[in-house]
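Working through the structure, step by step
The primary structure of each chain is shown beneath.
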Amino acid sequence: MERGGEDQRSEPVLSVAALGKRFGERVALRDVSFELRAGELVAVVGPNGAGKTTLLSILAGVQGASSGDVTFANGARPSAAATGASGHRTDAIGWAPQQAALYSKLTVRENLRLFARLEHVDDADRAVALMLEQTGLVARADDRVEQLSGGNRQRVNVAVALIAEPRVLALDEPSSALDPGQRARLWQFVGALASRGTTVLFSTHHLGEVRRYASRAIVLADGEVLFDAPPGGLLVGGETDLEGAFLRLLEERGHS
Amino acid sequence: MRALLAKDLLILRRSRLLVGVLVVYPVAIALLIGLAISRSPGKPKVAIVDQTTPGQTVQVGSKRVPVSTYAEQLFSQVQPERVGSRAQAVSKIKSGSVLAAVVIPANIAARVGSGLRQAQLEVLYNGNALEQSLVHAQIESALAQANIGFSEQIQRAASQAIGALLTGQNLGVLGAPELVGLGKIGPELHAIAKRLPPGTDRARLEQIERFATFAAQNLSLAKNVLSTIGQPIQVRTTLVSGRRTPLNTFAVAVAVSVSLMFVCVLLASGGVALEREEHTLSRLVRGLISRSGLLAEKALLAAVCSFALAFAMLAAIGAFVVLDWSRVGQWLAALAFGAAAFAALGVAIGALAREVRAASLLAFLLSLPLAFLALVPSGAVGQGLDDVISAISFVFPFKAALQALDAAVNGASPSLGGPLVHLAVLTAAFGMLARFGLRSLD
């Protein structure tokens, strides 16, 4: 595995050590290890079935790992399932799944308030107002989610993930259903989050977005980490085609 | 959990069509089933072709029974429509205005009076196999009732004639009011014989006296035999346990149980499946609420809503059917345990299904046959099938809920305790199945 470019000066906010996940006989993740630091914007890329969504959902606490360890800076573990305990809250990480996980019959404000209450946010109304403002959804606050466009739904999806002000935000293919304009606005918002110190880990198939926005790229294939460094590290010599470099890496490692 | 409950109530409030269907549909089905059970089939509409001449009678000894009595007996068992000829009757059957026709032949009096040949009626009917079966059963029953009534008339006439022979009553039409009864001949002859000197005449008279006494005794016995033949077996019924449940109050228990089941199972299964369909399930169970807590919340909401609806339905029906309100505590217990078991079944279905439509369809497809199977009387089908139906009814909550409600409302057997324990066990079992179903998220 290629590594490089990690900022070793600050303490990691998230440490992943030898993480493994099996679904019966099938190995979804194999010995995955990395660390994330405050304000990093890290992309997880890889072909379909590489384990990107599985990795993010384990970090978010949606499912448990078969082996390995996930530790946040404050000592919180990602979930109940990951540790075998039950009812353990996961407020160290916010999670926005690939498909917007929202109640379509509720308004934007009602969705945010519900998840704020479930996350035990101290002042739910203040948090909702702040999030509506940060995501530019004030004008749509009282619209039902079923009336929103795909782009606005994704913004609400991310807003729900951020409602408890987590230190780490996991976004599973956040831009997959968005048009170019919506994608640009989303990355502007995510970039602003990172600049304020929130660590963002996102999965994507758009290597252009990786090159443009990510400070680091983790390449996964068949559950293994093949590369973990700034995206430019994938390019060799005077190479400029990141997608070509990505495919070459997969081929060289026998994952084509 | 309170936040989730409030959210689900808000979603329900905004899904008016869904709520309307959830309430109206099961109530309509429940009322239909209740009506079907409580209403016995009406009298069949039958065309009667009476070919006998007016005033025709059947001679029974010294008595006469009008043949019209038979037609009257038959008329009381059906909705009669008199027609003039067999051809008209056939036409009415073909047009569907009557279910069948009965032709009373002109020779009925002669045949019954002969005592040698049975009188014969002709029954005409039509229709598909189901209609034929229904008509056959209903006409057979009506004719059997009419036959019993007519034979009672004949038996009574014969009995009166024998009584007259024995006691010497006035025979009216024969115009012999002073006729000595057979029962008095023996003692009369005995008195005369005692006054005669011993000899051939006295011996001959004593021989006739013995015959008269013997004949009177046997004729008296024949009268008793006639009344026995009129209704050879009487029925005495005994309910082994519980109290007799009127059909209409049992229908109330069925109707309310069906509504409770549909509303509860559909709400609970839909509630859980909705979390999957909206992709919010994974967001919730990553630490915001435990899987068991989520299932409990969905089950609680469904149970409370269906409980309230079922109780309101029971109270509304109570305005039309006499229900024992002193048992209201038992009604509430039966409804609460039933709602809990149906809710557990519902969340299990919702946990196994991936989307609301699939969950609703599965809930519906499972619930309807369960209700019908639970209503099949044991013994109405073969032993093997009866065992299968009993096993299915045992592992799903409908029959136990119906038994609990029937016991609570009607004091029927089995008593309330057994079904409540059964429902509690089923609640736990389906709760565990639901919890297992949600594990598939991993």
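Residues numbered from 1 in each chain as written. Chains lettered and ligands numbered in written order. Predicted model: local features only at pLDDT ≥ 70, side-chain atom pairs only at ≥ 80, totals over all residues.

1. Structural notes on the overall build of chain B
How we decide: To qualify as a helix, a DSSP run of H or I must reach at least 4 residues; to qualify as a strand, a run of E must reach at least 2; elements of each kind are numbered from the N terminus. Buried means a residue has 20 or more other C-beta atoms within 10 Å of its own C-beta, exposed means 12 or fewer, and partly exposed covers the counts in between; C-beta atoms are placed from the backbone.
If you tally the helices and strands in chain B, you get 16 helices and six strands. Buried positions account for 35% of the 442 residues belonging to chain B.

2. Examining the overall build of chain A
Quick reminder of the rule: By the convention adopted here, residues are in contact when the distance between their C-beta atoms, placed from the backbone, does not exceed 7 Å.
Helix and strand content of chain A: eight helices and 10 strands. Within the span of chain A, comprising 256 residues, buried residues form 48% of the whole. Once local pairs closer than 6 in sequence are excluded, the contacts in chain A between residues at least 24 apart make up 65%.

3. Some details on the nonpolar core
Our working rule: Each nonpolar core reported here comprises buried Ala, Val, Leu, Ile, Met, Phe, Trp, Tyr and Cys residues connected via C-beta atoms within 7 Å.
Ranked by internal contacts, the top residues of the largest apolar core, which has 156 residues, are A:Ile163, B:Cys264, B:Ala343, B:Ala344, B:Ala401 and B:Ala404. At 20 residues, the largest contribution of residues to this core is made by helix H9 (residues 247-277) of chain B. Once you skip the residues sitting within four places of it in the chain, B:Ala404 turns out to touch B:Ala334, B:Phe337, B:Gly338, B:Leu416, B:Pro419, B:Leu420 and B:Leu423.

4. Observations concerning the sheet that holds strand S1 (residues 45-50) of chain B
All names here are of chain B. Test applied: Note on pairing: two strands pair once DSSP finds at least 2 bridges between them. Between N-to-C directions, angles cover 0 to 180 degrees, with each direction set by a line fitted to C-alpha atoms, over the stretch in contact for helices.
Here four strands make up an open sheet; going across it, the order is S4-S1-S5-S6 and the pairing mixed. With partners counted over all chains shown, the strands left at the sheet margins are strand S4 (79-82) and strand S6 (122-125), one partner each. The average undirected angle you get between the axes of adjacent strands in this sheet is 25 degrees. One ladder, built from four bridges, connects S1 with S4; its direction is parallel. Bridge assignment links alanine 47 to a residue of S4, and that residue is glutamate 81. Strands in contact with helix H4 (residues 86-95) are S1, strand S5 (100-104) and S6; relative to S5, the strand with the most contacts, it is inclined by about 165 degrees.

5. A look at the packing of helix H15 (residues 397-410) of chain B against helix H16 (residues 417-438) of chain B
Residue and element names in this part refer to chain B. Under the convention used in this document: Throughout this description, any angle smaller than 35 degrees is read as roughly parallel, any larger than 145 degrees as roughly antiparallel, any in the 65 to 115 degree range as roughly perpendicular, and the remainder as oblique. Crossing handedness: left-handed means the near helix sits turned counterclockwise from the far one by under a right angle, and right-handed means the same turn made clockwise. In this count, Pro and Cys sit with the nonpolar residues alongside Ala, Val, Leu, Ile, Met, Phe, Trp and Tyr, while Asp, Glu, Lys and Arg are called charged and the others, Gly among them, polar.
Viewed as axis vectors pointing N to C, H15 and H16 meet at an angle of 150 degrees, and their least axial separation amounts to 9 Å. Between H15 and H16, the angle falls in the class roughly antiparallel. Considering only the axes of H15 and H16, their crossing is left-handed. Each of Pro397, Ala400, Ala401, Gln403, Ala404 and Ala407 in H15 lies in contact with H16, whose residues at this interface are Pro419, Leu420, His422, Leu423 and Leu426. Here the contact of H15 with H16 is built from residues that sort into nine nonpolar, two polar and no charged.

6. Some thoughts on the packing of helix H3 (residues 108-118) of chain A against helix H4 (residues 124-134) of chain A
All names here are of chain A. Running from amino to carboxyl end, H3 crosses H4 at an angle of 130 degrees, the nearest separation of the two axes being 9 Å. In terms of their interaxial angle, H3 and H4 are classed as oblique. Remark: the crossing between H3 and H4 carries right-handed chirality. Residue-level inspection shows Arg109, Leu112, Arg113, Ala116 and Arg117 of H3 in contact with H4, the latter providing Ala124, Ala127, Val128 and Met131.

7. Digging into H4(B)
Residues and elements named next belong to chain B. Quick reminder of the rule: In this context, the arc is that of the directions from the helix axis out to the C-beta atoms.
Among the residues of H4, Ala89, Lys92 and Ile93 are the ones counted as buried. Each buried residue of H4 lies within a common arc of 100 degrees when the element is viewed along its axis, so the set occupies one face. Exposed residues lying more than 90 degrees from the buried face of H4 are Ala87, Lys94 and Ser95. On the buried face of H4, the contacting elements are S1, S5 and S6.

8. What about the confidence of the model for chain B?
Convention followed: pLDDT is a per-residue confidence score from the predictor, ranging from 0 to 100.
When pLDDT is averaged along chain B, the result is 82, and 88% of the positions lie at 70 or above. Predicted complex metrics record ipTM = 0.82 and pTM = 0.72.

9. Concerning the pairing of strand S4 (residues 41-45) of chain A
Residues and elements named next belong to chain A. Buried residues dominate S4, accounting for five of its five residues. Residues Leu41, Ala43 and Val45 of S4 are buried on one face, and the alternating residues Val42 and Val44, pointing to the opposite face, are buried as well. Bridge count for S4 against strand S8 (residues 199-204) is five bridges, and the pairing is parallel. Within S8, the residue paired with leucine 41 across the bridge is valine 200. Taken together, the four bridges between S4 and strand S9 (residues 216-221) define a ladder with parallel strand orientation.

10. A closer look at helix H5 (residues 150-162) of chain A
For an α-helix, the turn length of 3.6 residues means that residues three or four places apart are oriented alike. Residues and elements named next belong to chain A. Note the cut-off: Multiply 1.5 Å by the residue count of a helix minus one, and that product is the helix's expected span.
Over its 13 residues, H5 extends 19 Å from the first C-alpha to the last, a length consistent with the 18 Å expected when each residue adds 1.5 Å. Burial analysis of H5 places 11 of its 13 residues in the buried class, which makes it a mostly covered element. Taken together, the buried positions of H5 are Asn152, Arg153, Gln154, Arg155, Val156, Asn157, Val158, Ala159, Val160, Ala161 and Leu162. At its buried positions, H5 is contacted by strand S6 (93-96), H3, H4, strand S7 (168-172) and helix H6 (180-195).

11. Some words on the sheet that holds strand S5 (residues 67-72) of chain A
What links the strands of a sheet is backbone hydrogen bonding, and the strands pair in either a parallel or an antiparallel sense. Residue and element names in this part refer to chain A. Taken in spatial order, the three strands make up an open sheet running S3-S2-S5, and their pairing is antiparallel. The sheet is open, and its two edges are formed by strand S3 (26-37) and S5, each paired on a single side. Neighbour to neighbour, the strand axes of the sheet diverge by 15 degrees on average, direction disregarded. Strands in contact with helix H1 (residues 52-60) are strand S2 (12-23), S3 and S5; relative to S3, the strand with the most contacts, it is inclined by about 60 degrees.

12. What about the confidence of the model for chain A?
Residue and element names in this part refer to chain A. Looking at chain A as a whole, the pLDDT averages 84, with 89% of positions reaching at least 70. Per-element confidence in chain A ranges from a low mean pLDDT of 39 for helix H2 (residues 80-83) to a high of 94 for H3. Predicted confidence for residues 80-89 stays below pLDDT 50, and this span has 24 contacts to residues more than four positions away or in other chains.

13. Description of the environment of A:Leu148
All names here are of chain A. Along the chain, the position of leucine 148 falls in the loop between H4 and H5. Taking C-alpha positions, leucine 148 is 23 Å from leucine 193, a pair spaced 45 residues apart along the chain. Among all residues touching leucine 148, those that are not within four sequence positions of it are Arg140, Asp143, Arg153 and Val156.

14. With respect to unusual backbone geometry
Where the residue is not glycine, phi is negative for most of them; where a peptide bond is considered, it is trans in most cases. All names here are of chain A. With a phi close to 60 degrees, histidine 120 is a non-glycine residue in the positive phi region. Tracing the chain through its elements places histidine 120 in the loop between H3 and H4. Overall, histidine 120 belongs to the exposed group, with 11 C-beta atoms counted inside 10 Å. Phi is positive for aspartate 222, which is not a glycine, with a value near 50 degrees. Locating aspartate 222 in the fold gives a position in the loop between S9 and strand S10 (224-229). C-beta crowding within 10 Å serves as the criterion here: with 18 such atoms nearby, aspartate 222 is assigned to the partly exposed category.

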